[in-house]
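Overview (structure and organization)
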4 protein chains.
Amino acid sequence: MVVVMAPEATQADIDAVVELVQAAGGEAFVSRGVSRTIIGLVGDVEQFGALNLRSYSGVSDVVRISVPYKLVSREHHPNRSVIHVGGVPIGPGLVTVIAGPCTVETPEQTLTSARMAQAAGASMLRGGAFKPRTSPYAFQGLGEAGLRILADVRAETGLPVVTEVIDPASVDLVSSYADMLQVGTRSMQNFTLLQAVGSASKPVLLKRGMNATIEEWLMAAEYIAQRGNLDIVLCERGIRTFETATRNTLDISAVPVVQRLSHLPVIIDPSHSGGRRDLVLPLTRAAIAVGADGIIVDVHPQPAAAMCDGDQALTGDDIREMATVVRTLPRLLGRELTPAPVPAGAR
Amino acid sequence: MVVVMAPEATQADIDAVVELVQAAGGEAFVSRGVSRTIIGLVGDVEQFGALNLRSYSGVSDVVRISVPYKLVSREHHPNRSVIHVGGVPIGPGLVTVIAGPCTVETPEQTLTSARMAQAAGASMLRGGAFKPRTSPYAFQGLGEAGLRILADVRAETGLPVVTEVIDPASVDLVSSYADMLQVGTRSMQNFTLLQAVGSASKPVLLKRGMNATIEEWLMAAEYIAQRGNLDIVLCERGIRTFETATRNTLDISAVPVVQRLSHLPVIIDPSHSGGRRDLVLPLTRAAIAVGADGIIVDVHPQPAAAMCDGDQALTGDDIREMATVVRTLPRLLGRELTPAPVPAGAR
Amino acid sequence: MVVVMAPEATQADIDAVVELVQAAGGEAFVSRGVSRTIIGLVGDVEQFGALNLRSYSGVSDVVRISVPYKLVSREHHPNRSVIHVGGVPIGPGLVTVIAGPCTVETPEQTLTSARMAQAAGASMLRGGAFKPRTSPYAFQGLGEAGLRILADVRAETGLPVVTEVIDPASVDLVSSYADMLQVGTRSMQNFTLLQAVGSASKPVLLKRGMNATIEEWLMAAEYIAQRGNLDIVLCERGIRTFETATRNTLDISAVPVVQRLSHLPVIIDPSHSGGRRDLVLPLTRAAIAVGADGIIVDVHPQPAAAMCDGDQALTGDDIREMATVVRTLPRLLGRELTPAPVPAGAR
Amino acid sequence: MVVVMAPEATQADIDAVVELVQAAGGEAFVSRGVSRTIIGLVGDVEQFGALNLRSYSGVSDVVRISVPYKLVSREHHPNRSVIHVGGVPIGPGLVTVIAGPCTVETPEQTLTSARMAQAAGASMLRGGAFKPRTSPYAFQGLGEAGLRILADVRAETGLPVVTEVIDPASVDLVSSYADMLQVGTRSMQNFTLLQAVGSASKPVLLKRGMNATIEEWLMAAEYIAQRGNLDIVLCERGIRTFETATRNTLDISAVPVVQRLSHLPVIIDPSHSGGRRDLVLPLTRAAIAVGADGIIVDVHPQPAAAMCDGDQALTGDDIREMATVVRTLPRLLGRELTPAPVPAGAR
């Protein structure tokens, strides 16, 4: 941490900061410049934060130097992690495909979507039972009935299930059905929810808040990790910008940036970032090429009849093209497509 | 709602859309242009939304025309509302000042802050007991002990209390102490929480999400209203932009825009938007001048010792200057400062 | 300037940075922290910038401490400046109103607009002859014919004229007619143009780029100042954000922020920021209240017939209300409305 | 174009709009909804734009339906174009690599960089002689001396040269040396410059403004095309967002979006978008995979000594890895790396 003094700061102002830091158990190194003096602080940064140094006379700015997250950083865990979800690995050397309907509507639609997901190269099934919707008048999901459908389809196909949890009170319920708990973009700073999934015994898929910086996203992961759950996969899904041609702007650079800062796997959602079916395949290729550890995509047997986000769901020919991409591109880049697990009945 | 057909759309494509709309009970008016055809839809917009018209052959775009919120709009309730909180009114013709510490720390600090708030012209007390913090290592608030302190200070000063609720499970607890429930910027799209406060019997202060459009903000209010609670006050507190000189960018234009769209009162938080003490007074003057129905500001007896956001809390001379501003400026603009309630003991 | 070393930096890495800085004539102070070392640099920052310190082994980040502009900063010129335009002052203690049509269309329309401007309290006339338009198919302005009209209207009314210059090649031409040269939002980083107006003998109205940080805006002013022209007035006119309810988001906080950093006057454009007539008066009140040194507004005798931005031009009753605001509000805040100059013929 | 009437609009308001449109030679189709009426306009949209319909009584909104650009759109030119620069093609089926130093410093540095560019797979040379710099105190480029160095290096290596032009007055000068004129991100809405390069006889590389929507970018291309120059290559180089981990946010989705809207080739600049050397290779892979028609990258023999943007220039091992990527990845995706031209002396 560095304290920048104002040009008009007095010697007494400088001494006051030094004494304050030393009283808090830290060390302070003073560098006098031509027009300004800076003071480098050594010690416990969290404790310095509580000093409100910016409030003191003569202090112009306080600049933090080290990253504020620990458990999820590569400084504390240099090797990148592999997370296992119902036996399916996500992490370095692999490209893991998660696919399924945006929303669980019926057993048939979910099973058909799961078969499409498998055809597209998926080793995990996605599907929403509890839906966070911008409008109170929009369909909010089937709830527990949806979770049961997902569990049935898992039994039939062998695909582990990831589904969203939107409320701390339902974490136990969702955990009893799902293999992985999704925290959605609008919940990324729902700290009570982060703590609840941090105490759950299931891996977590943490979507980036559409307004969150990479640092805030990693701090949200730190919330989960701090409660003892380090089985976290990060998911970039687009950020909010001034551009309106796409629903959000996929921040593809976030993948290599995060992989350098954190040991956690990071995947991309090419469906929700663009919100347009015609962008899903190009963005999937880009996601694999940039080094993402996987993708999560929407599929639907009849997009025009979907109860949510039908505009972006893959179907028909898209599925075949997706299968080709995920079966060839990873290998060319030195990675492998994660194979789908064998269903229990077929072993 | 208007469906815009692609230049290459066929007559069959157009007919298909018309039939679809008619089958859903609506009417469709076709306008053929030189290069494109547009189809105007008349009927129940929510139902048309479920048709996924964008998925149909030849459809290029679907443009919504009417606003998606109802209960909070002026189309359904033309006169602007006055909301009462513990007897204190917020609404047209008034400027209501809410002030207090960002965080409740001790009984003494809270009482002193409340006295400062009164001196500054406040008729309501703010103070956080449950704090949503970006870092899991930061102070998270005193919880129920903080609520008890707030209630004690209310008894002493007569000021109704607004405090944040961050979790649906604690809405009842917070309601049992507070006069108004604050939904914070990071919770604006926590739909479970919105529904919970919508079912509570206390007025709600709904802060704008720092990434939320005005329409999304009003949709969040609609969530609360839909559960039967129309005692909602909106609070603009800055949005996230590329500018880094201030913590967020106060969207002051939002006040007249919202007042035109919705009947709900809207106030401004000049403390959290800028994050800098030196901006609080200029932004307070601007807030009153632009027509805001009130302001909510941080005060603290010793900002340098504050456990949260000390950089922005008013103290000492600022309080006197604030008092002058809120006692003179509203009257010059044809409004009145809401007077502080008389404490029970003094009546 | 502070160099932050990576956790894995070696002693040799640290020594290399120190030697480099000393070789460039600077001093380096090393502060060793628990996990990182930081090096404070003292000396000529521009020279350090050329060292590319970020490229060296073990260097994690380089943080600049002092501001990169000099001539326009308050560090070098503590008192706020008053700029005179054709005898009309803009600066502390005053509220100067500039008004006129977005675009000069005819002599009659311009003269009528100027009379409306005077009625609204203006002491300067605005009007565009060279228009930067997003579409090549839109009206691009009357050019020199428009400048002649402005000069004629000035002779008739006594109001000094500010008009936009969009090309270095026409700076001399525009200077021969105008009293003040406007650099528009899309030209704020047209460095050749900035240098050209910096060499001109007329004051400059520098609008903020809709995508520019406050620092970049002040750097653009520095370009002008560096060529010897310090008669610069800054104009905040809204920045681009995700919000679409208004054309741009007026960054009202920029006024007190800039007034603290720079000695130059700063005014607000409430017409172009919102792009809506109904926002002009509320934003004008807010501009005066926040402390802006003036405003610049669009007026038009027949907005529905305007060739540019008719949606936002004031007319009729708006003019009377504007006059009331600018004649009463400044005084209540301890400032004065700048009086209109007396036309030559009337002296 | 669609006119949306306000709920309170009267029949007279509706009739007035219809008459206005008909008087302008258009047709108007009225669709009456439950709460609102909409009017679809058929005819010349530019002419309707001049009507200022939004200013009329009862009009709530005016929504444009068709795209405002013509010459650069696929509606008017369905097949994607191939642009030739000094004999080197850019367009569908190809991946063209442009590389070189950010800034021309010396003949040796430029020649060495060009050899590195060739080794990296480039068929064109980039290099700046006129530099738009945020600070007036930063190095502004060698000017014509730099252009001569570029021409000499072209003679030696056979690589066509692209270099930036920042001023309409120097378009002829730059055209006399360069094979392609670059319009930089800060000049994208310098309309005088766009018109000047539109009249030049050299192809244009049009970088996206960091604050520009895709529509504004295509409108800027339309400015160039309207003057008769359709040899335009678009370059996505990152947009400004709230994220600070990268210099800008690469909007990779813009590539497929633009390729659908316009027939012009679109390439990606992975160096300037991220501003970090470690992101250049991942973003290059992503650019090729998403379908970009090429890339433009910075290389430098000694990044630490570079006069501009040394932090992001490739060197040493990076060059070899880049060569591997661009020689293998395009083929796997059904495209070809554009081969470097043979220098005149070697034919």
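**Points about the overall build of chain A**
For chain A, the helix and strand inventory stands at eleven helices and 15 strands. The principal-axis extents of the C-alpha atoms in chain A amount to approximately 75 × 40 × 40 Å. Sorting the 347 residues of chain A into buried and exposed places 61% on the buried side. Considering only contacts within chain A whose residues lie at least 6 apart along the sequence, 66% involve residues at least 24 apart.

**Details of the sheet that holds strand E4 (residues 59-63) of chain C**
Residue and element names in this part refer to chain C. Ordered by their spatial adjacency, four strands build an open sheet running E2-E3-E1-E4, and the pairing between neighbours is antiparallel. Two strands in the sheet have a free side with no partner beyond their single neighbour: strand E2 (27-32) and E4. In this sheet, neighbouring strand axes are inclined to one another by 20° on average, regardless of whether the strands run parallel or antiparallel. Strand direction decides the pairing type here: E2 and strand E3 (residues 37-42), joined by six bridges, are antiparallel. Paired with alanine 28 across the two strands is leucine 41, which belongs to E3. The sheet contacts of helix H1 (residues 11-23) involve strand E1 (2-5), E2, E3 and E4, and relative to E2 the element is tilted by about 155°.

**So, the domain arrangement of chain A**
Segmenting chain A into domains produces domain 1 (2-63) and domain 2 (83-346). Relative to domain 2 of chain A, the C-alpha centre of domain 1 of chain A lies at a distance of 45 Å.

**Thoughts on the interface of chain B and chain A**
Note: interface size is frequently given as the accessible area lost on complex formation between the parts. The interface is formed by 35 residues belonging to chain B together with 36 residues belonging to chain A. Broken down by element, the side of chain B that touches chain A gets its largest block of residues, five residues, from helix H7 (residues 214-226) of chain B.

**Details of H1 of chain C**
Helix length check: H1 of chain C, at 13 residues, gives a terminal C-alpha distance of 18 Å against a target of 18 Å (1.5 Å per residue), a fit within 8%. One or two residues past the end of H1 of chain C sits glycine 25 of chain C, with phi positive at roughly 90°.

**Looking at the relation of the copies chain B and chain A**
The operation linking the two copies of the chain is a rotation about an axis combined with a translation along the axis. Between the two copies, chain B and chain A, the superposition gives an RMSD of 0.1 Å; the rotation angle is 180° and the shift along the axis is 0.0 Å. Put plainly, the chains are arranged around a two-fold axis. No C-alpha of chain B approaches the rotation axis more nearly than that of asparagine 211 of chain B, which lies at 2.8 Å. A symmetric contact is evident, with 100% of the interface residues of chain B recurring at the interface of chain A.

**Section: the interface of chain A and chain D**
Of the residues lining the interface, 29 residues belong to chain A; the matching set on chain D comes to 29 residues. Counting only elements with at least two residues in the side of chain A that touches chain D, the list comes to helix H8 (254-261) and helix H10 (277-290) of chain A. Classifying every residue of the side of chain A that touches chain D by side-chain character gives 16 nonpolar, eight polar and five charged.

**Brief notes about the pairing of strand E3 (residues 37-42) of chain B**
All names here are of chain B. Within E3, six of the six residues are buried, leaving the element largely enclosed by the surrounding structure. Residues Thr37, Ile39 and Leu41 point to one face of E3 and Ile38, Gly40 and Val42 to the other, with burial holding for every one of them. In this sheet, E3 lies alongside strand E1 (residues 2-5) in antiparallel orientation, the contact comprising three bridges. Opposite valine 3, over in E3, you have isoleucine 39 as the bridge partner.

**Some thoughts on the sheet that holds strand E4 (residues 59-63) of chain B**
Residues and elements named next belong to chain B. Strand order in the open sheet formed by four strands is E2-E3-E1-E4, with antiparallel pairing between adjacent strands. Every interior strand has two partners, whereas the edge strands, strand E2 (27-32) and E4, have only one. Strand-to-strand, the axes of this sheet are offset by a mean angle of 20°, without reference to chain direction.

**Here's the deal with the environment of glycine 128 of chain D**
Residue and element names in this part refer to chain D. The residue glycine 128 is located in the loop between strand E8 (124-126) and helix H4 (144-157) in this model. Taking the C-alpha atoms as reference, glycine 128 lies 8.6 Å from glycine 143; in sequence the two are 15 residues apart. In this structure glycine 128 touches Cys102, Thr103, Val104, Gly141, Thr163 and Glu164, once residues within four positions along its chain are discounted.

**Things to note about helix H11 (residues 317-332) of chain C**
All names here are of chain C. Its 16 residues give H11 an end-to-end C-alpha distance of 23 Å, which sits within 8% of 22 Å, the value for a rise of 1.5 Å per residue. Considered for burial, the residues of H11 that qualify are Ile319, Met322, Val325, Val326, Leu329 and Pro330. Residues of H11 that are buried make contact with strand E7 (94-100), helix H3 (107-119), helix H10 (277-290) and strand E15 (336-337).

**Points about the relation of the copies chain A and chain D**
Overlaying chain A on chain D yields an RMSD of 0.1 Å, the required transformation being a rotation through 180° with an accompanying axial translation of 0.0 Å. By residue overlap, the copies meet face to face through one surface: 100% of the interface positions of chain A are interface positions in chain D.

**A short note on the packing of helix H6 (residues 191-198) of chain D against helix H7 (residues 214-226) of chain D**
All names here are of chain D. Contact geometry for H6 and H7: axes closest at 7 Å, N-to-C directions at 45°. Relative to H7, the element H6 is oriented oblique. Along this stretch, H6 crosses H7, giving a crossing that reads as right-handed. Between H6 and H7, the residues in contact are Phe191, Leu194, Gln195, Val197 and Gly198 and Ala220, Tyr223, Ile224, Ala225 and Gln226, respectively. In the contact of H6 with H7, the residues fall into seven nonpolar, three polar and no charged.

Procedures and definitions
- Residues numbered from 1 in each chain as written.
- Chains lettered and ligands numbered in written order.
- Predicted model: local features only at pLDDT ≥ 70, side-chain atom pairs only at ≥ 80, totals over all residues.
- Helix = DSSP H or I, 4+ residues; strand = E, 2+ residues; numbered from the N terminus.
- Buried ≥ 20, exposed ≤ 12 C-beta atoms within 10 Å, placed from the backbone.
- Contact = placed C-beta atoms within 7 Å.
- Pairing = 2+ DSSP bridges.
- Axes fitted to C-alpha atoms, helices over the stretch in contact; angles between N-to-C directions.
- Domains from an automatic or database assignment.
- Expected span 1.5 Å × (residues − 1).
- Least-squares fit on C-alpha atoms with pLDDT ≥ 70 in both.
- Nonpolar A, V, L, I, M, F, W, Y, C, P; charged D, E, K, R; others polar.
- Parallel < 35°, antiparallel > 145°, perpendicular 65-115°, else oblique.
- Left-handed = near helix turned anticlockwise from the far one by under 90°.

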